[in-house]
Amino acid sequence: MQKQSRRFELLLPTKFNSGQPVPGELFADTLLELEEQFGENRQFFVNFKERLKERFQQLDIWITTYLVEVI
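Computed from a prediction, not measured in an experiment: that's the story for all the values here. (Residues numbered from 1 in each chain as written. Predicted model: local features only at pLDDT ≥ 70, side-chain atom pairs only at ≥ 80, totals over all residues. Heavy atoms only, no water.)

### What about the pattern of salt bridges?
A side chain with one charge may pair with a side chain of the opposite charge, provided their charged atoms come close.
Move 1: Inspection of the entire model under this criterion finds four salt bridges.
Move 2: In this structure, R51 engages E33 in a salt bridge whose closest nitrogen and oxygen atoms are separated by 2.6 Å. Here the residue R51 occupies a position in helix α2 (residues 42–55), and E33 occupies one in helix α1 (residues 24–37), the gap between them amounting to 18 residues.
Move 3: Accessibility expressed as a relative area gives 34% for R51, which makes it partly exposed. (Salt bridge = Lys/Arg side-chain N within 4 Å of Asp/Glu carboxyl O. Helix = DSSP H or I, 4+ residues; strand = E, 2+ residues; numbered from the N terminus. Buried < 20%, exposed > 50% of the residue type's maximum accessible area, 1.4 Å probe, protein only.)

Here it is as structure tokens:
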């Protein structure tokens, strides 16, 4: 029996666009937010991306998704 899953990958910056380093607590906040929302659907990640762009002061944040087929 085949089962399909989806894998998401987030690439977060270590510096703001200004060149200043991103404080560690922003990464911790991001991890906690993901843990609270784990299991949410694709729309969560669409909304989450917008929050991350603002939080990390970026023009874009890459979130990639891969279809995974378990055989």
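### Some points on the packing of aromatic side chains
Move 1: Scanning the entire structure with this criterion turns up three aromatic pairs.
Move 2: Here the aromatic rings of F44 and F48 are separated by 5.1 Å at their centres, their planes lie at 20 degrees, and the arrangement is stacked. Of this pair, F44 and F48 both sit in helix α2, four residues apart, which is roughly one turn of that helix.
Move 3: Members of the aromatic cluster, connected to one another through ring pairs, are F44, F45 and F48. (Phe/Tyr/Trp six-rings, centres within 6.5 Å; stacked < 30°, edge-to-face > 60°.)

### Remarks on the confidence of the model for the chain
Move 1: Per-residue confidence for the chain gives a mean pLDDT of 86, with 96% of residues at or over 70.
Move 2: When mean pLDDT is taken per element in the chain, α2 scores highest with 90 and strand β1 (residues 3–11) scores lowest with 78. (pLDDT = per-residue confidence, 0-100.)

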